[in-house]
Amino acid sequence: MVEIFHEEDGNLSILKDKTISIIGYGNQGRAQALNLRDSGLNIIIGNIEDDYKKIALKDDFSVFTIKEATEKSDILFLLLPDEILNEIFERDIKPKLKPKDAIVFASGYNIGFKLLKPPSDIDVMLIAPRMIGVGVRENFLKNTGFFSFIAIEQDVSGQAKEILLALAKGIGTLKKGAIMLTFRQEAELDLFNEQAFGPAFGRVLLTSIYTLIDAGYPPEAVLIEMYMSNEMSYTYRKMADVGLVKQVEFHSQTSQYGAMSRGIRFRTLPLKDKMKQILKEIQDGDFTEEWKKKITKLKFKMIKYFATKQKINKLEKEVRKNMKLKTYDLYEEAPTEEELLELKKISEELKLFEQYFE
Ligand code: NDP
């Protein structure tokens, strides 16, 4: 049985003599620092010299370099972007850690896939909010909380669970609920959502849009119908509020019959097989290996370039202009001559992406 924790499971008193540093005052960093301080805990910030440091000072925090903050604290929240975390950890944090310190991640990726090796004499924990930073703060202030996945990788102090639950309470997640997983499970779930559900949903959305536009409906009406009205996001919210099928009751009888009677036609799409394959690549670590390669970074740059050139962007911009909505420029740098030469090795694969992003 999975363990699920709520407000009564966390006791803040275990943290009363601890200094907690938030490393990286960004999206998650600012929200979590403010919440923990409002919960009565002793918070300092470790940050580089940038605009986020100015915000932290304005928010009335003591701000130190990352090395200094590590020296001064017992518990560290590592809230830096995942792709640079390892480098900063090795250079600035690891040499300054003391035995029995605790480090807390907000994503399972680096530990789950063994990209970052923590020393063996510290506690290693995870609190991964299922919520963007702004939401972490807003839901704390509203007293509603937010869901999180939590995990313990190393328990050297023998108190890792109590400390983790106290921190989770301080952040405000126990008001809604925290589920105990492993780092690897958290990372795999997150990657699956990004790599299977996200793109599959995106393709269904685009196919619907083009089906309607090809049939002659005005693009303004189509984009509003499909996503710009926010109606779908309302439906999605209702699924969370009352249940996947129960939310159907908010729609008309005609809508309900239409959706249910036609739903069966999509049952035979080979969606599940593709999703199982994506999940297997995540679980086997094949995706992590792929993402580490230099050629993958170049491939990514090229794919993003294709994505900015696809026709939906132009169409959407026109629609937004016609609807007197603010428009946003999409700009992705074209690859350099040198990069193009490197990309020649995978030109056949890239051709497929170019077609995909028509
Ligand atoms: P941000 O992109 O907001 O960056 C966090 C901070 O890191 C910023 O202050 C940034 O400053 C700083 N930073 C970037 N590069 C460096 C560097 N080279 N050296 C030192 N500091 C640097 O991160 P997030 O808050 O989005 O993510 C933090 C963690 O939270 C990640 O593990 C992420 O997976 C996790 N998470 C994020 C969620 C989200 O909604 N964003 C949701 C749940 C978990 P600057 O830009 O000035 O360099």
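On a predicted model such as this, the values are computed, not experimentally measured, just so you know.

Visitor: What is the right way to look at the site of the ligand in this model?
Guide: Near the ligand lie 21 residues; those nearest to it are Asn27, Gln28, Asp50, Asp82 and Ile88. Between the ligand and the protein, one listed contact pairs an oxygen atom with a side-chain N or O atom of aspartate 50 at 2.4 Å. Relative to its unbound accessible surface of 900 Å², the ligand loses 73% to contact with the protein. Those elements that provide at least two residues to the shell around the ligand are helix H1 (27–38) and helix H4 (82–93). With three residues, the single largest contributor to the shell around the ligand is H4. Looking at the shell around the ligand residue by residue, the classes come out as twelve nonpolar, seven polar and two charged.

Visitor: How should the packing of helix H8 (residues 183–214) against helix H9 (residues 219–228) be read in this particular structure?
Guide: Two elements in contact, H8 and H9, have axes whose closest approach is 10 Å; the angle formed by their N-to-C orientations is 150°. Of the possible angle classes, the one that applies to H8 and H9 is roughly antiparallel. The element H8 and its partner H9 pack so that their crossing is right-handed. Two secondary-structure elements touch here, H8 through Leu205, Ser208, Ile209, Leu212 and Ile213 and H9 through Pro219, Val222, Leu223, Met226 and Tyr227. Class assignment for the residues of the contact of H8 with H9 results in nine nonpolar, one polar and no charged.

Visitor: Any chance you could explain the environment of leucine 80 here in plain terms?
Guide: Relative to the helices and strands, leucine 80 is located in the loop between strand S5 (75–78) and H4. We classify leucine 80 as buried; its relative accessible area is 15%. Linking leucine 80 and alanine 106, residues 26 residues apart in sequence, is a C-alpha distance of 9.0 Å.

Visitor: Sorry, what's going on with the nonpolar core here?
Guide: Note that soluble globular proteins tend to have their nonpolar side chains buried in a common cluster. With 37 residues, the main nonpolar core has Ile43, Ile45, Ile75, Phe77, Ile127 and Leu167 as its most contacted residues. Residue assignment for this core shows that the elements contributing at least two residues are strand S2 (19–23), H1, strand S3 (42–46), S5, strand S6 (102–105), strand S7 (123–129), helix H7 (160–171) and strand S9 (177–180). Considering every element that reaches this core, the biggest residue donor is H7, with eight residues. In this structure, isoleucine 75 is in contact with Leu15, Lys18, Thr19, Ile20, Ser21, Ala102, Val104, Ile163 and Leu167, ignoring residues within four places of it in sequence. Ile44, Leu80, Leu85 and Val124 belong to the second-largest nonpolar core, a separate cluster that totals 22 residues.

Visitor: What is the right way to look at H9 in this model?
Guide: Given 3.6 residues to a turn, an α-helix orients residues that are three or four positions apart in the same direction. Among all positions of H9, only Glu220, Val222, Leu223, Met226 and Met228 are buried. Down the axis, H9 shows its buried residues gathered within 160° of arc, on one side only. In the core, the buried residues of H9 are packed alongside H8, helix H10 (231–242) and helix H15 (311–322). Positioned one or two residues after H9, asparagine 230 has a phi angle of 75°, which is positive.

Visitor: It is not clear to me how the environment of leucine 269 should be interpreted in this structure. Could you clarify?
Guide: Among the secondary structure elements, leucine 269 is positioned in the loop between helix H11 (253–263) and helix H12 (271–283). Residue classification places leucine 269 among the partly exposed positions, given a relative accessible area of 46%. Taking the C-alpha atoms as reference points, leucine 269 and proline 81, separated by 188 residues in sequence, lie 36 Å from one another.

Visitor: How should the packing of helix H14 (residues 294–309) against helix H17 (residues 347–356) be read in this particular structure?
Guide: Packed helices, taken two at a time, are described by their axes: the angle between them and the distance between them. Between H14 and H17, whose axes approach to 9 Å, the crossing angle comes to 25°. Our classification of the angle between H14 and H17 gives roughly parallel. Our pair here, H14 against H17, has a crossing hand that is right-handed. Across the interface between the two elements, Lys299, Met302, Ile303 and Phe306 of H14 pack against Glu349, Leu350, Phe353 and Glu354 of H17. Taken together, the residues of the contact of H14 with H17 sort by class into five nonpolar, no polar and three charged.

Visitor: How should the sheet that holds S3 be read in this particular structure?
Guide: Where strands meet in a sheet, backbone hydrogen bonds hold them as pairs that are either parallel or antiparallel. Here nine strands make up an open sheet; going across it, the order is S1-S9-S8-S7-S6-S5-S2-S3-S4 and the pairing mixed. Lying at the two open borders of the sheet, with one neighbouring strand each, are strand S1 (4–5) and strand S4 (63–64). Pairing analysis gives six bridges linking S7 to strand S8 (residues 147–154), with the strands arranged antiparallel. In the sheet register, leucine 126 faces S8, and the bridge partner there is alanine 151.

Analysis parameters
Residues numbered from 1 in each chain as written. Predicted model: local features only at pLDDT ≥ 70, side-chain atom pairs only at ≥ 80, totals over all residues. Heavy atoms only, no water. Near = heavy atom within 4 Å. Polar contact = N/O pair within 3.5 Å; in protein donor to acceptor, adjacent residues only side chain to side chain. Areas by Shrake-Rupley, 256 points an atom, 1.4 Å probe, with all protein chains shown as cover. Helix = DSSP H or I, 4+ residues; strand = E, 2+ residues; numbered from the N terminus. Nonpolar A, V, L, I, M, F, W, Y, C, P; charged D, E, K, R; others polar. Axes fitted to C-alpha atoms, helices over the stretch in contact; angles between N-to-C directions. Parallel < 35°, antiparallel > 145°, perpendicular 65-115°, else oblique. Left-handed = near helix turned anticlockwise from the far one by under 90°. Contact = heavy atoms within 4.5 Å. Buried < 20%, exposed > 50% of the residue type's maximum accessible area, 1.4 Å probe, protein only. Core = buried A, V, L, I, M, F, W, Y, C linked by side-chain atoms within 4.5 Å. Arc of directions from axis to C-beta. Pairing = 2+ DSSP bridges.

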